[in-house]
Amino acid sequence: MRVELSDINAAQRVIAGLADATPMILSPYMSAAAGQPFYYKCEMMQPIGAFKLRGAMNAVANLPKGTRGVTCCSTGNHGRGVAYAAAKAGVRAVICMSELVPDAKVEGIRALGAEVRIIGRSQDEAQVEALRLVAEEGLVEISPFDDGYVIAGQGTIGIEMLETVPELEAIYVPLSGGGLAAGVATAAKALKPDIKIYGISMERGAAMYESLRAGAPLEVEEVPSLADSLGGGIGLENQLSFAACKELLDDVLLVTEDEIYHAMQVLFYEDRLIAEGACVVAIAAMLAGKLPKPRGPVATILTGRNADMKQSARIYAGQSVQLGEREIKGRPYGT
Ligand SMILES: *Cc1c(COP(=O)(O)O)cnc(C)c1O
C-alpha cells in the first residue's frame, strides 16, 4: 500500500476548517541568506501547536466502523493531536506513557479530554500497554508516522504550500519517523514533479537518515536534542514511511546542536517567532551552507511550538543549555 494524491485530497476534505490553512509567510532575513524568497509554513499555529493534528484527524475520521476507541504512546505532539481529534469526534482516547514523562505533558493531554495510562519506566513498557488495549479492549492504535491516513493528513501541507507559492523549487522538511516528509513529498511531487524535497534531522539519533543509509529500518540510540520532536525510531517493521522517504526524498541532511541553537535565535530575533528546535533545522542547514544554493523560491515547515519555554528562554538569552550529559555552550545573538 502507498499513499496517493487522491488520499491526500480526501484528507483535505476531512480537515477543512479544522486543521488546515495555516499561514505561509516570507522571511526577509532567510530570503537574504538564501538569495531567493524563503517561506515558512506556520504549522505551529494549529490549535494543538503542531501539524500532527492533520494526520490524527484524518486517521480518527477513517476508523473502522464500530471502533471502541483509539490509543497511542506518543507523549509529544502526536499524543496531543490524537487526544484533540478523538475528543472532537467523540471517540475514546487512551494515551499510554511511562512514569518518566513530566507532569506538564500528562496534564496537557488530560486537558484535551484523553485518558492517560502511566505504565512502567520506559516507552517500551508503555507500548506494551497500548498493545494490550488493542488486543483486549479492541482499541485501534494510531502510529505517529507509519499509517496511511496519518501520512495523507500530513500531505495536505504540501498541497497548501504549492497553492500559495506554485513556483516553489524546494521544500525543506524536518524529518523524524518520516510521516510528514512522506506526505509532503507525495503531494508536492504529484503536483510539481521537478520540485526537490529535502529531509533534515539532528546529527545524533537520526533514525531515518541512518536507516536510509543502511537500506533498511535500523534502531538508533535516542540522545537528548534541542530538536526533541525529531527523536525516536522509525520502527523495525516500518511499512510505509521508510519506503516513501527512500523513493521521494532528494537528500537527507544533518545539523549539529550548535547550529540548531543558533537557528532558534535567528527565528526569534530576526523573524520574531517562537517554535521548537525541531522546526529550525532547515534554517540551521541553510545558514551552515549545507543545502544546495536555491535558484527559485524555497520553503520550510515550522512544525510545532510546544517547546520547553525555560530552555528556549535560556537560548534567546544566549545562555548555555544542558542536554543530558552534554552542554551546549551559550552565545548571545549577534556576537
Ligand atoms: C512529529 C514531528 C516532526 C517530524 O515528523 P515525522 O512525521 O515523525 O517525520 C517534526 N516536528 C515536530 C514539531 C513534530 O512534532
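The rules behind each value
Residues numbered from 1 in each chain as written. Predicted model: local features only at pLDDT ≥ 70, side-chain atom pairs only at ≥ 80, totals over all residues. Heavy atoms only, no water. Helix = DSSP H or I, 4+ residues; strand = E, 2+ residues; numbered from the N terminus. Expected span 1.5 Å × (residues − 1). Buried < 20%, exposed > 50% of the residue type's maximum accessible area, 1.4 Å probe, protein only. Contact = heavy atoms within 4.5 Å. UniProt positions renumbered as here; feature names shortened; annotations may be inferred. Phe/Tyr/Trp six-rings, centres within 6.5 Å; stacked < 30°, edge-to-face > 60°. Near = heavy atom within 4 Å. Polar contact = N/O pair within 3.5 Å; in protein donor to acceptor, adjacent residues only side chain to side chain. Areas by Shrake-Rupley, 256 points an atom, 1.4 Å probe, with all protein chains shown as cover. Nonpolar A, V, L, I, M, F, W, Y, C, P; charged D, E, K, R; others polar. Pairing = 2+ DSSP bridges. Axes fitted to C-alpha atoms, helices over the stretch in contact; angles between N-to-C directions. Domains from an automatic or database assignment. Buried area = accessible area lost by both parts, 1.4 Å probe. Salt bridge = Lys/Arg side-chain N within 4 Å of Asp/Glu carboxyl O.

Draft legend 1. Inspection of helix α11 (residues 257–269) at higher detail. Compared with the 18 Å implied by 1.5 Å per residue over 13 residues, the 18 Å span of α11 between its first and last C-alpha is a close match. Taken together, the buried positions of α11 are E257, I260, Y261, A263, M264, Q265, V266 and L267.

Draft legend 2. Examining the environment of A114 more closely. Tracing the backbone through its elements, the reader meets A114 in the loop between α5 (103–111) and β5 (115–118). Judged by its relative accessible area of 8%, A114 is buried. Measuring from C-alpha to C-alpha, the distance between A114 and I157 comes to 26 Å, with 43 residues separating the pair along the chain. Contacts of A114, omitting those with residues within four sequence positions, involve A83, A93, I95 and I109.

Draft legend 3. Summary view of the UniProt feature "domain: Tryptophan synthase beta chain-like PALP" (unreviewed entry) in the protein chain. Under the feature "domain: Tryptophan synthase beta chain-like PALP" (unreviewed entry), the UniProt entry names residues 21–304. In residues 21–304, helix accounts for 42% and strand for 15%; the two terminal C-alpha atoms are 15 Å from one another.

Draft legend 4. Seen up close, the packing of aromatic side chains. Within the structure shown, the criterion is met by 6 aromatic pairs. With a centroid separation of 5.0 Å and 90 degrees between ring planes, the pair formed by F268 and Y269 is classed as edge-to-face. A residue is classified by how much of its surface remains accessible, and Y269, at 31% relative accessible area, is partly exposed. By way of ring pairs, the aromatic residues F38, Y40, Y172 and Y198 are connected into one cluster.

Draft legend 5. Up close: the site of the ligand. Around the ligand sit 15 residues in total, of which K52, N77, G178, L180 and T303 are the nearest. Here an oxygen atom of the ligand and a side-chain polar atom of N77 are 2.8 Å apart. In this structure, an oxygen atom belonging to the ligand sits 2.8 Å away from a main-chain N or O atom of S176. Here the ligand loses 97% of its free accessible area of 390 Å² to cover by the protein chains. By residue class, the composition of the shell around the ligand is 5 nonpolar, 8 polar and 2 charged.

Draft legend 6. Quick peek at the sheet that holds strand β3 (residues 70–72). If you trace the 4 strands from one edge of the open sheet to the other, you get β5-β4-β3-β6, paired in parallel fashion. With one partner strand each, in any of the chains shown, β5 and β6 (140–141) form the two edges of the open sheet. Where β3 and strand β4 (residues 93–97) come together, 3 bridges link them in parallel fashion. The residue of β4 that forms the bridge with C72 is I95. This element, helix α4 (residues 77–89), spans β3 and β4 of the sheet and lies at about 170 degrees to β3. On top of the sheet, α5 reaches β4 and β5; it is set at about 150 degrees to β5, its chief contact.

Draft legend 7. How the structure looks around the domain arrangement of the protein chain. If you check the domain split of the protein chain, you get domain 1 (5–49 + 147–328) and domain 2 (52–141). Of note, the centres of domain 1 and domain 2, computed from C-alpha atoms alone, are 24 Å apart. The partner domain 2 presents 14 residues to the 25 residues of domain 1 that form the contact. In total, about 1600 Å² of surface goes out of reach between domain 1 and domain 2, with carbon and sulfur atoms giving 60% of it. Contact with domain 2 buries area across many residues of domain 1, yet V14, I48 and Y149 alone supply 38% of it, more than any other trio. Counting every contact that joins domain 1 to domain 2 gives 2 salt bridges.

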